[in-house]
Structure formats: structure tokens, C-alpha cells
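Breakdown of the fold
Below are the chains, spelled out letter by letter.
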Amino acid sequence: MYTMRPAEFDYHAPTSLEEALTLLAEDEGSRPLAGGQSLIPLLKLRLALPSALVDLRRIPGLDEISANGGLTLGARATHRSVAESDAVRSGWPALAELAAQLGDPQVRNCGTIGGSISHADPAADYPTMLKALGATVTAKGPDGERTLAADDFFQGVFATALETGELVTSVTVPALAAGTGAAYVKHRHPASFYAVAAVAAVVSVEDGACTDARVTVGGVTAPPAHAEAAAEALRGSSGSEEEIAAAVAQVPEALTGARGDTYASGEYRTHLAKVLAGRAIAAAFERAAA
Amino acid sequence: MTVTEERQTTTLVGESVKRVEDARLITGEAKYLDDLNLPGMAHVAILRSPYAHARINGIDTSKAAEHPGVIAVYTGKDFEDLPALPCAWQAGGVENFVNTPRVLEIDRVTFTGAAVAVVVAETKYAAEDALGLIEVDYEPLDVVVDVEAAVAEGAPQIHENAPGNIVMDWSIGDAGATDKALGEADVVVKERLVNQRLIPTPMEGRGAAATYEPSTGEYTVWMTSQDPHIMRLLMTAFVFGIPETKMRCIALHVGGGFGTKIFLYHEYVLIAALAQKVGRPVKWMETRRENYVATTHGRDHVAYLEVGAKRDGTITALKTKTYANLGGILSTIAPGIPTTLYGRMLSGAYRIPNISCQVLGVYTNTGMVDAYRGAGRPEATYLVERAVDLVAAELGLDPVDVRRRNFIPPDAFPYDPAGILNGLEYDTGDYEKALDRALEIVDYEGFRREQEAARKQGRYRGIGFSTYVEICGAAPSAWIGTVGEGWGASMWESAMIRVHLTGKAVVTIGTQPQGQGHATTVSQIVASELGIPIEDVTVELGDTLNAPFGYGTYASRSAAVGGVAVYNSLQKIKAKARRIGAHMLEADVEDVEFADGKAFVKGAPDTAKTIQEIAGAAALAYDLPEGEEPFLDDTTYYDPPNCTFPFGTHIAVVEIDAETGEVSLERYIAVDDVGKVINPMIVDGQVHGGIAQGIAQALWESGVYDEDGQLRTSSLMNYAVPKAEFFPPFEVERTETPTDVNPLGVKGAGETGTIASTPAVVNAVVDALMPLGIRHLDMPLTPERVWQAIEQAKA
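From a predicted model like this one, the values you see are computed outputs, not experimental measurements.

A few words now on the overall build of chain B. A count of helical and extended segments in chain B gives 21 helices and 26 strands. Computed over its C-alpha atoms, the radius of gyration of chain B comes to 27 Å, within 12% of the 28 Å expected for a compact globule of 795 residues. Summarising its shape, the C-alpha atoms of chain B cover approximately 90 × 75 × 50 Å along the three principal directions. The burial tally for chain B puts 59% of its 795 residues in the buried class.

We now examine the overall build of chain A. Looking only at helices and strands, chain A features twelve helices and 14 strands. Computed over the C-alpha atoms, the radius of gyration of chain A is 19 Å, within 12% of the 19 Å expected from 2.2 N^0.38 for a compact globule of 290 residues. Taking the principal axes of its C-alpha atoms as reference, chain A extends roughly 60 × 45 × 35 Å. Looking at chain A as a whole, 51% of its 290 residues are labelled buried.

Turning next to the interface of chain B and chain A. In this assembly, 27 residues from chain B lie in contact with 18 residues from chain A. Among the elements of the structure, α4 (124-131), α9 (288-294) and α21 (783-794) of chain B are those that each provide at least two residues to the side of chain B that touches chain A. Looking at the side of chain B that touches chain A, the element that brings in the most residues is α4(B), giving five residues. Of the residues assigned to the side of chain B that touches chain A, the class counts are eleven nonpolar, six polar and ten charged.

Residue and element names in this part refer to chain B. Where helix α11 (residues 377-395) contacts helix α20 (residues 752-768), the axes come no closer than 8 Å and their chain directions differ by 30 degrees. Taken together, α11 and α20 sit at an angle that is classed as roughly parallel. Crossing hand, α11 versus α20: right-handed. From α11, Arg377, Pro378, Thr381, Tyr382, Glu385, Arg386 and Asp389 reach across to α20, where they touch Thr754, Ile755, Ala756, Thr758, Pro759, Val762, Asn763 and Val766.

By the element assignment, A:Thr262 lies in the loop between α11 (241-248) and α12 (266-289). With sequence-adjacent residues up to four places away left out, A:Thr262 is seen in contact with B:Val704, B:Arg712, B:Thr713 and B:Asn718.

Residue and element names in this part refer to chain B. Here four strands make up an open sheet; going across it, the order is β19-β18-β17-β23 and the pairing mixed. Two strands lie at the open edges of the sheet, namely β19 (537-540) and β23 (632-638), each paired on one side alone. Neighbour-to-neighbour, the strand axes of this sheet turn through a mean angle of 15 degrees, independent of strand direction. For strand β18 (residues 505-509) and β19, the ladder comprises four bridges, and the chain directions are parallel. Looking across to β19, one finds that threonine 508 is bridged to glutamate 540. Each of β18 and β19 touches helix α16 (residues 518-530); the most contacted strand, β19, lies at about 135 degrees to it. Each of β17 (493-499), β18 and β23 touches helix α17 (residues 558-584); the most contacted strand, β23, lies at about 145 degrees to it.

Below, the discussion takes up unusual backbone geometry. A cis amide bond links A:Ala222 with the next residue in sequence, A:Pro223, at an omega value of -5 degrees. Across the junction of B:Ala474 and B:Ala475, the peptide omega takes the value -15 degrees, indicating a cis bond. Assignment of secondary structure puts B:Ala475 in the loop between β16 (460-469) and α15 (477-480). Positive phi is not limited to glycine here, since B:Asn165 has a value of about 65 degrees. With respect to the helices and strands, B:Asn165 occurs in the loop between α5 (147-151) and β7 (166-173). Since 25 C-beta atoms lie within 10 Å of it, B:Asn165 is described here as buried. Non-glycine residue B:Arg299 carries a positive phi angle of around 65 degrees. Assignment of secondary structure puts B:Arg299 in strand β13 (residues 298-309). Owing to 29 C-beta atoms within 10 Å, B:Arg299 belongs among the buried residues under this scheme.

Turning next to the environment of B:Asp767. All names here are of chain B. Mapped onto the elements, aspartate 767 comes out in helix α20. In sequence terms aspartate 767 and glycine 464 are 303 residues apart; their C-alpha atoms lie 6.8 Å from each other. Excluding residues within four positions of it along the chain, aspartate 767 makes contact with Gly462, Ile463 and Gly464.

Moving on: the pairing of strand β9 (residues 207-213) of chain B. Residues and elements named next belong to chain B. Counting buried residues along β9, six of its seven residues qualify, which places the element largely inside the surrounding structure. Pairing of β9 with strand β12 (residues 282-285), which is carried by four bridges, proceeds in the antiparallel orientation. Paired with alanine 209 across the bridge in β12 is lysine 283. Across six bridges, the pairing between β9 and strand β10 (residues 218-223) is antiparallel.

Take the confidence of the model for chain B next. Residue and element names in this part refer to chain B. Confidence in the prediction of chain B, expressed as mean pLDDT, is 96, and 99% of residues score 70 or more. Note that residues 1-10 has pLDDT below 50 and, in this model, nine contacts with residues that lie over four places away or in other chains. Interface confidence for the predicted complex, expressed as ipTM, amounts to 0.96; the pTM equals 0.96.

In this section: α11(A). Turn by turn, an α-helix covers 3.6 residues, leaving residues three or four places apart pointing in a common direction. Residues and elements named next belong to chain A. Considered for burial, the residues of α11 that qualify are Ile244, Ala247 and Val248. All buried residues of α11 fall inside an arc of 95 degrees around its axis, so they share one side. Exposed residues lying more than 90 degrees from the buried face of α11 are Glu242 and Ala245. Elements in contact with the buried residues of α11: α10 (228-234) and α12.

Strand pairs in the sheet, formed through backbone hydrogen bonds, run parallel or antiparallel to each other. Residue and element names in this part refer to chain A. The strand order β11-β12-β13-β14 describes an open sheet built from four strands, whose pairing is antiparallel. Looking at which strands have only one partner, the edges of the open sheet turn out to be β11 (180-188) and β14 (225-226). Examined bridge by bridge, strand β12 (residues 195-206) and strand β13 (residues 209-218) share nine bridges and lie antiparallel to one another. Bridged to alanine 201 within β13 is valine 215.

Here the focus is the packing of α11(A) against α12(A). Residues and elements named next belong to chain A. Closest axis-to-axis distance for the α11/α12 pair is 9 Å, and the angle between their directions is 140 degrees. The orientation of α11 relative to α12 falls into the category oblique. In the crossing of α11 with α12, the sense of the turn from one axis to the other is right-handed. Taking contact as the criterion, the partners of Ile244, Ala245, Ala247 and Val248 in α11 are, on α12, Lys274, Ala277, Gly278, Ile281 and Ala282. Among the residues forming the contact of α11 with α12, the class breakdown is seven nonpolar, one polar and one charged.

With that settled, the discussion passes to the environment of A:Asp125. Residue and element names in this part refer to chain A. Within the secondary structure, aspartate 125 is located in the loop between α7 (113-119) and α8 (126-132). On a C-alpha basis, the gap between aspartate 125 and glycine 103 in space is 9.3 Å, while along the polypeptide they are 22 residues apart. Not counting residues within four places of it along the chain, the set of residues in contact with aspartate 125 comprises Leu98, Leu102, Lys186, Ala195 and Ala198.

Bringing helix α8 (residues 266-278) of chain B into the picture now. All names here are of chain B. A rise of 1.5 Å per residue sets the reference length of α8, with its 13 residues, at 18 Å; its end C-alpha atoms lie 18 Å apart and thus fit the reference within 8%. Judged by how many residues are buried, α8 sits mostly within the fold: ten of 13 residues are covered. For α8, every residue scored as buried is listed here: His266, Glu267, Tyr268, Val269, Leu270, Ile271, Ala272, Ala273, Leu274 and Ala275. Tucked inside the fold, the buried residues of α8 contact β1 (42-48), β5 (115-121), β9, β10, α7 (228-240) and β12. Remark: glycine 279 follows α8 within two positions and exhibits a positive phi of approximately 70 degrees.

Residues and elements named next belong to chain B. Most of β18 is tucked away, with four of its five residues classed as buried. With five bridges connecting them, β17 and β18 associate as antiparallel partners. When the bridges of β18 are listed, valine 499 appears paired with alanine 505. One crossover worth recording links β18 to the parallel β19 by way of α16, and it is right-handed.

Rules used throughout
Residues numbered from 1 in each chain as written. Chains lettered and ligands numbered in written order. Predicted model: local features only at pLDDT ≥ 70, side-chain atom pairs only at ≥ 80, totals over all residues. Helix = DSSP H or I, 4+ residues; strand = E, 2+ residues; numbered from the N terminus. Rg over C-alpha atoms; globule rule 2.2 N^0.38 Å. Buried ≥ 20, exposed ≤ 12 C-beta atoms within 10 Å, placed from the backbone. Contact = placed C-beta atoms within 7 Å. Nonpolar A, V, L, I, M, F, W, Y, C, P; charged D, E, K, R; others polar. Axes fitted to C-alpha atoms, helices over the stretch in contact; angles between N-to-C directions. Parallel < 35°, antiparallel > 145°, perpendicular 65-115°, else oblique. Left-handed = near helix turned anticlockwise from the far one by under 90°. Pairing = 2+ DSSP bridges. pLDDT = per-residue confidence, 0-100. Arc of directions from axis to C-beta. Expected span 1.5 Å × (residues − 1). Right-handed = clockwise from strand over helix to strand, strands pointing away.

This is how it looks when you write it as C-alpha cells:
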């Protein structure tokens with residue numbers, strides 16, 4: 001139980017998506033390998049015991065980032081490439097900021113968005129933001145391709161809607177409408193750099209009044225929770241300090257069953273969610289006005 | 001003192017010479033234990049207990065033995081003939097109820113991670129696979145992890161020979177006089193302080209490899225060690241019962257130790273024994289998970305403090321009863337750390353006339369606790385520096401003024417702190433000088449004005465001080481080796497220097513670096529004294545075949561003891577060079593001096609014989625002075641007359657986010673006095689790293705066991721070691737008050753950072769929260785803990 005050396009497994013390095021899907025379909029015990037930042041530690045701890053790894057790194061095109069109205073991030077786009085992409089930085093700056101402070105340089109250089117969301121760690125950064133932005137996830141499997149809303153994709157602690165043999169191929173983020181601002185504020189764990197609590201806020205403002213809002217809390221529950229009452233309270237508001245405070249007071253009701261651990265209790269995480277929501281909302285209003 | 005005179009002729013000592021080690025470290029050429037591949041080497045994996053406290057009713061290894069690639073599987077019964085490991089430093093003057101690890105535990109485990117079986121296999125993967133096939137019949141027993149719960153009535157009893165789970169009950173100081181002084185004090189402040197468990201986390205884990213030659217009965221054991229000679233001594237004399245000549249211990253490059261690699265671990269003995277049993281070279285390298293559960297931890301005290309003072313802030317008495325959690329079983333020098341290195345330093349930098357200290361060493365169902373960077377002095381400094389701030393807060397005085405009022409003044413040295421040092425005395429010190437410089441750097445008055453303004457805006461800014469003193473350069477053998485201190489050996493160092501035919505010097509030392517740069521600092525001393533280029537010096541270490549003996553690197557002793565052995569040896573070599581040089585110059589020895597690498601007639605330095613010429617003549621020996629032996633070499637042993645006592649002032653400036661409880665470290669200032677400095681860059685590096693580790697205790701690190709004795713912080717994902725980006729640039733300066741203990745004037749610089757910084761940060765946080773009436777918070781000061789305290793204070 002104190003092992004850190006993997007059990008035996010086979011290794012495949014397919015050069016096409018079709019080949020990868022075939023390999024995964026042929027062996028139910030196999031697992032896809034992207035950046036390896038979550039899977040390799042699990043292998044070492046023997047918490048994952050796959051019969052084979054299907055390495056996605058030689059499949060061309062899976063790491064592309066393109067913006068054409070919406071933003072499409074290839075599943076194998078690394079956190080660093082997202083953080084440094086001009087397209088992401090200009091159209092979805094909050095997403096670029098998120099990627100820039102995800103993990104540490106090694107994680108950002110190797111880790112991928114597809115790997116991160118497929119792993120669905122309850123403290124991961126992307127799920128919170130993708131839900132707030134109304135992103136969709138495209139996956140391909142033996143039965144063909146399908147596209148899922150982020151809200152449907154993330155289902156719980158390390159749980160997604162992916163079927164066995166299915167691979168995430170891309171993530172699509174809709175364009176932010178004019179007058180829309182987004183922000184992501186995170187309290188990171190000093191050891192793992194994962195989110196102890198994090199809030200993604202997206203607000204749309206027209207003529208000084210908020211027409212739509214999303215406030216999504218990560219790290220506290222799994223999957224990340226939409227603080228719908230808080231968002232509702234923001235609609236019609238001008239984003240004043242008092243109005244934000246009133247909205248933030250509604251955040252905890254979305255966080256039943258808050259997680260606690262040796263670093264932070266559920267009570268504290270819930271408190272943090274309120275504070276971070278206030279900061280994220282204020283930042284989103286500022287961006288919406290800019 | 002001749003130090004100043006000598007310094008005139010030295011050039012490299014005091015210079016930030018680039019480290020001679022770094023080329024091979026940076027390029028990856030340096031060999032660590034895991035790089036060692038011996039022909040025919042088999043690999044070892046160790047089965048460890050998932051239970052914190054259990055009886056072992058039986059172990060079935062049959063399935064594991066049949067696994068492909070497995071060479072052998074053994075349990076504790078296969079090593080019954082080898083005794084339990086020695087406990088080399090027991091608390092002095094009292095009975096110690098000792099229980100130490102066996103090679104593998106036989107019938108009982110007392111912490112999660114205790115080793116119960118071992119697999120030897122062709123690959124490390126096969127060895128790991130087979131571990132899962134070993135069946136152990138455990139009978140779980142009641143568990144106690146809390147140090148105070150362990151000594152309470154009705155607690156589970158961990159060892160038969162230790163009633164109440166007490167390892168030892170050790171006291172120093174005059175308890176009667178201290179109680180009387182507390183009774184007469186104007187104010188008495190009481191506090192319970194938790195100095196939490198830390199997990200040292202060196203970059204390189206522990207490991208060992210071994211070979212055994214049946215024809216000669218000789219073992220060679222490679223190990224990650226700070227002290228290979230002690231390893232050989234303990235293994236040959238106390239475990240295997242063989243002469244020291246039958247074992248060679250080698251430490252390759254060691255990737256950090258912080259104390260954890262001082263100790264003799266059962267795995268090292270196991271690997272040596274396995275090499276003999278299986279007749280092949282074997283190697284074991286621990287995983288990070290094993291490092292967390294099975295390598296020693298540090299600190300873990302609960303201290304009850306009482307401090308008495310007059311209204312003006314003069315401290316009149318300090319008393320503590322301290323519970324030291326030593327884990328489920330004793331590591332090599334565990335009882336010595338919370339006694340000699342803690343209790344004896346409880347006067348701090350202050351003239352405290354009455355001190356009494358009782359320490360209870362306690363067994364709990366947790367991992368072993370032993371020396372961790374600073375080892376006892378951080379715990380003592382934390383207690384004393386918090387005590388001073390508590391007195392200041394109680395009396396409404398400035399913590400700086402209280403420090404000044406109680407400082408031991410420069411003219412009081414050598415100083416005997418209330419008799420608690422058992423015969424030693426603080427060597428030299430000028431505590432106000434370091435404090436004044438630190439205050440100047442931080443602009444203390446300016447900060448207090450800004451703090452006042454910030455408070456009016458509802459912001460919480462704070463400043464914290466640590467005006468520490470510590471003890472280094474362990475130690476006079478006649479002090480530490482006696483019954484009073486309980487160390488089971490001595491503490492001198494050796495230096496063996498050979499100046500070869502060409503004038504190149506090879507220096508063999510008995511200390512063993514884990515990153516400190518011994519080769520550089522020793523080369524600087526040699527190059528300076530002999531007047532040769534630093535490139536002409538080779539430093540050999542880490543092998544019991546080299547140095548005659550050495551006690552190793554810890555307690556900031558490698559320069560103050562080992563470096564002095566080198567220096568003294570060089571004086572003898574210079575004397576011989578002078579004699580031979582005089583003969584070559586056809587002059588009387590009395591008329592000749594040796595300086596800057598040359599022997600010359602006084603007043604006529606232009607006609608000189610160089611050290612290279614002299615070394616050549618000494619080696620060729622065609623024409624030597626009457627009665628002079630050939631060759632220019634020397635072996636010297638140095639046993640210091642006293643320890644050394646570095647000191648200084650550290651200041652932390654923080655701001656607290658009252659909404660989240662997050663502590664933001666804005667500035668960190670350190671003015672240390674480590675005596676004379678050989679290499680300022682290396683000392684800066686030591687100070688920086690130490691400060692980071694000490695701040696990490698204050699803010700982030702904590703080794704946490706749950707009530708079942710499972711380590712909850714068992715990986716780098718949840719144990720928060722500090723990262724460089726957590727810190728502002730450290731503002732590091734020094735004052736220089738040489739010690740008169742040794743001719744180099746050096747005191748020791750390896751641990752000042754961890755010793756000083758922890759209380760500075762805690763004091764700063766408490767200072768920030770003073771308007772809320774908060775007087776103390778236990779570490780680590782995580783956002784949640786600070787936020788909870790603020791909420792409670794406001795309620």
C-alpha cells in the first residue's frame with residue numbers, strides 16, 4: 001500500500017483517432033493516456049490498474065486551438081498552450097488566466113484539457129469554468145460522435161458521462177456576447193495547487209443592468225455547482241457592492257454536502273465560496289463594462 | 001586570538017567562491033544512490049503495516065515466493081538473531097524505557113508503515129507485485145496518536161516496558177526557585193503551545209545497497225547518509241557484532257537530509273543482511289510514500305508555558321512542562337533532541353534567572369520523531385520568543401523593548417544561562433547590534449505608523465520578531481558523551497591532508513554533506529592556508545575507507561568542528577613546509593616564514609621556495625633536513641572545547657486578509673551572526689533555505705494522523721512543502737562576532753533559518769490580530785485557522 005511503482009500494462013501508441021478508438025474498444029481494461037498528470041500518479045499508486053495504455057500523443061490534430069466565433073480546444077491542448085494562445089487570451093481571457101495558474105509549470109506543460117475534464121477531479125479548475133461558460137464537450141466512441149453540455153458531462157467525484165471506450169476529442173466554448181465579462185477566482189491548496197474553492201462568474205450587462213449571470217462554484221461540491229439563486233439575484237442589478245453582497249449571501253444554498261479535508265472544512269470552503277464569489281462577480285462586472 | 005593575523009594572509013576565506021560541486025550536480029554527472037547499479041543486483045521491496053497498532057499472528061509468504069522473478073521472501077522471524085537497533089542518544093541522567101525497531105518487526109507493529117516482510121526480486125516491479133501476495137494475519141489493537149491522550153489514564157499501552165507510554169521523564173533547572181519566582185512576579189502569563197509534527201521531505205528519499213563477500217566476511221553498504229562512519233559503528237558494534245574492519249559504508253551524493261539521514265534505519269541493516277542471505281548485491285530505494293510514513297518526522301511538542309515578569313518587562317522566571325511525541329518506536333537519537341537540544345536552550349537570548357523544564361518523552365502510534373533541521377532549538381526558540389511576546393502583550397509593552405530589557409549584554413559573555421547548559425557557556429554575542437540593524441532595515445517606527453493607519457482602515461498588518469540564539473558545533477566529547485547528556489559516543493572530527501609531489505592537495509574529512517558544499521568551503525580553507533589554487537584541492541568524503549573516523553554532518557558542526565580540524569592540520573603542514581623550505585633556502589628555520597604559498601627568509605620574499613617545490617622535495621626526499629620524514633602530510637583530530645552560539649534578529653511583516661484568513665508575507669528580514677563566514681554565498685543559501693522551511697512550519701506544513709493512526713498528509717498533494725513563489729525576496733544581512741571557541745572564528749550557519757523564522761512569522765500574525773484581542777494561535781496558521789480565530793474574536 002506504500003507502492004509507487006506501476007503494475008504491468010501494455011502500451012499502444014496509435015497514430016490516428018480511429019486506431020485509438022479501436023484499441024480502446026478491443027480491450028475494456030485499457031485506458032487512454034493524454035498528458036499523464038493524473039493517470040501516471042494513479043498507476044504508480046496502483047489505484048489504476050489498466051491492462052493497457054493507449055497513448056494519444058501521436059494522433060495529429062488533437063491539440064489544435066481555433067477560434068471561429070466560438071472557441072474550440074482540442075482535447076490534447078496543454079494548459080500552457082491554452083494559457084498562451086492569443087485566441088484564448090483575446091476572446092476568453094478568464095479561461096487563459098485559469099490555465100496560467102493551473103498546477104505548476106510541469107503540469108501545465110504536460111497536462112491537457114481533455115485529460116483534466118475526463119479525470120474530473122472535484123478540485124480541478126476547468127470544470128467550474130466550462131460549466132459557467134456553457135461549454136460543450138465533444139466525445140467520440142464506438143457508436144460515433146456526440147456532443148454534451150458541460151452541465152451534463154460532469155457528474156460527480158471523478159465521474160463523467162463518458163462511456164467506456166469513448167474519448168473526449170474537443171471542448172467548445174461559445175463566444176462571449178458583447179457586454180459580457182467572465183472571471184475566475186481560486187483559493188489554491190498550498191500543496192497540490194488544486195482549488196480549495198473557486199468561483200467562475202459570467203455576467204452580461206446592457207445599459208448598466210445585468211441581463212444574465214452565471215455563478216459556478218468549484219472545489220466545494222462535485223460536480224461544480226451553479227449558484228442559481230445568486231445568479232438570479234444579480235439579474236437586473238447594476239453590480240454595486242451591496243447588490244453583489246446580497247447575491248453572494250445566496251451562494252451557500254447551492255453547496256449542500258460541502259467537502260472537507262485536513263486542510264479546510266466544509267464550513268470554511270462554503271465561506272470561501274462566498275468571498276471568492278464576491279470577488280469573481282465584481283471582476284466579471286468590470287470586464288463586462290470594459 | 002590569532003584569527004585576525006591569519007586572515008591577513010588568506011584570500012579565499014570570506015569570498016563567495018563558486019561551488020566546486022555544482023558542475024557535476026547541474027549536468028547530472030553526480031551519482032546518487034538510485035544511480036548505483038551493481039553487477040547482478042537484485043531489488044528489494046518492503047511490506048509495511050497498514051495498521052497503527054496490531055499484533056501479528058502469522059505471515060504467509062508462500063504465494064509471494066512463487067511469483068515470477070522473486071528470489072526470496074523473508075519475515076522478521078528470519079532475522080531473529082539480529083538484535084533491535086541501538087538507541088544511541090538517550091535522555092541524560094534519567095532512565096529511558098527504550099524500544100527500537102527490529103530488522104523486520106516480528107509479532108507487533110506500533111505505527112502505520114512499520115516493516116513486516118521483505119521481497120527480493122530480479123526487478124523492483126516484480127518485488128512490488130509480490131508484496132501484494134503476502135498474507136499477514138493482523139489483530140488490530142487500540143490506537144492512540146495524541147501525545148496527551150497517550151499519557152492519560154486508560155490509554156492503550158504501546159510497549160510493555162513503558163508504563164503510561166512514557167519514554168523518559170527528564171527535568172532541568174531549579175523547580176523550587178522557579179515556582180517561587182513565579183509566585184513573586186508582577187504578572188504571570190500561561191499558554192499551551194503546540195509545535196506541530198513536520199515531515200522533513202528531502203528531495204532524495206532514503207535507500208541502501210549492499211554486497212557481501214563470503215570468503216572474507218566483508219560487507220560493503222552504500223546508503224543515503226549524513227554520517228557513514230556512525231552507520232558503520234552502530235551496525236558493526238551493536239547489530240552484527242563484527243569488527244568495524246568487516247564493513248565499509250559509503251554515502252554517494254546525498255540529495256538533502258535535514259536530519260533524517262543521520263539515523264540508522266532498520267532498512268539499512270536489512271539490506272546488508274539480505275546481501276549475505278541471498279548471496280547477491282541488493283538495493284532498496286524508498287518511495288515518497290514510504291518516505292512519508294517510515295522516515296523520521298520532526299518537532300511534535302505540546303508545551304505548557306508559564307512565564308513571570310516585572311511590570312517593566314523584566315522576565316524573572318520561565319517554566320515549562322513539555323510533552324514530546326516520539327512516535328511508536330524510537331529512532332536513533334530521538335530522546336536527545338527534546339532534552340539536551342531543547343531544554344538546555346530555554347534561556348534564549350535573555351538573562352532569565354529562574355528556569356525549569358520538565359520533558360516527558362511519549363510513545364504514540366505514529367511515525368518515528370527525531371532530529372529535523374534545528375532539532376530541539378526551533379522548539380525552544382519558538383517557546384521563548386512566543387513567551388517574550390506574550391509578556392509584552394500582557395504588559396502593553398513594545399515587544400522590541402521587552403527584548404532589549406532582557407538581552408544578555410555583550411559584556412556578560414561567556415554567559416551561563418541559569419545553570420541549565422550543564423557546564424557549557426554561551427561563547428560570544430552582541431544581540432542588540434543585530435536587532436538594531438534589522439530594525440533599521442525594516443524601518444520599525446515607520447512600520448508602526450503605517451500599521452496604525454492600516455488599522456483605522458480595518459486592515460490587519462503585523463510585525464513579528466525573533467531575536468534568537470542557538471547552539472552549534474556539537475560538541476565537546478567530554479560534555480556530550482557523559483552521563484549528563486547521554487550521547488553514547490564522542491563528537492570530534494578528523495582531517496587527513498596529503499600534499500602530493502606536484503603540490504596538489506587531497507583532503508579527507510569525516511563530515512558528509514547533503515548539499516551544503518563542504519568540498520567548496522574546505523577547499524577555500526586549504527587553498528587560503530597553503531596558498532595554492534582552489535583547483536588544486538580535492539576533497540574526499542563519504543567513505544569509511546577514507547577518513548579515519550568522523551561523526552558526520554548535522555547540528556551545524558561541519559565548519560565549526562570539521563573545518564577546524566582541517567585548519568589545524570594545515571598549520572602542522574605549514575610548519576613542516578617551513579622547515580623543509582628553510583633547509584632548501586639554506587637558512588635557519590627561525591629566520592624563515594611561510595606565507596602565501598611560499599617559504600622565504602623574513603624580509604626577503606623574492607627568494608622563496610614555493611609550496612609546490614617544497615612538496616616535491618618532501619616527496620622525493622633526496623635532501624631533507626636531518627630527521628625529517630618524507631612527504632608533506634598530516635592527520636589531525638579536533639575536539640572543540642565548547643559549542644558555538646550563533647544569534648541574530650529575524651523580522652516578518654505580514655498582512656492578513658480578514659475575509660479569508662489568508663496570511664500574506666510582505667517582507668522578511670534576517671540579520672544573522674554566525675561568526676566568521678567562509679563563503680557568504682553558501683551561507684546565504686543555507687539561510688534562505690532554512691528561512692523557507694521555518695516559515696513553512698508557521699504557515700503551511702503539518703503532519704496529521706487521524707484517530708486510527710493513518711497519516712492523512714501522506715503525499716506532496718496534501719503535505720504543503722514551501723515553493724519559491726510563496727516568498728518575497730528575503731532581506732539577508734549579517735553582523736560578525738567571531739567565536740573564541742575555535743581559531744577559524746566560525747559558529748555554524750546551517751540551521752539558523754529554521755530556528756529563527758517560525759516564531760517571527762507567528763509573532764507577526766498575532767501582532768496583526770492584536771486589536772481583536774488575540775494573543776496566541778497554534779501553527780500552522782492556515783487561512784481557516786486564522787479566519788476561525790477572527791470570527792470567534794468578533795463574536
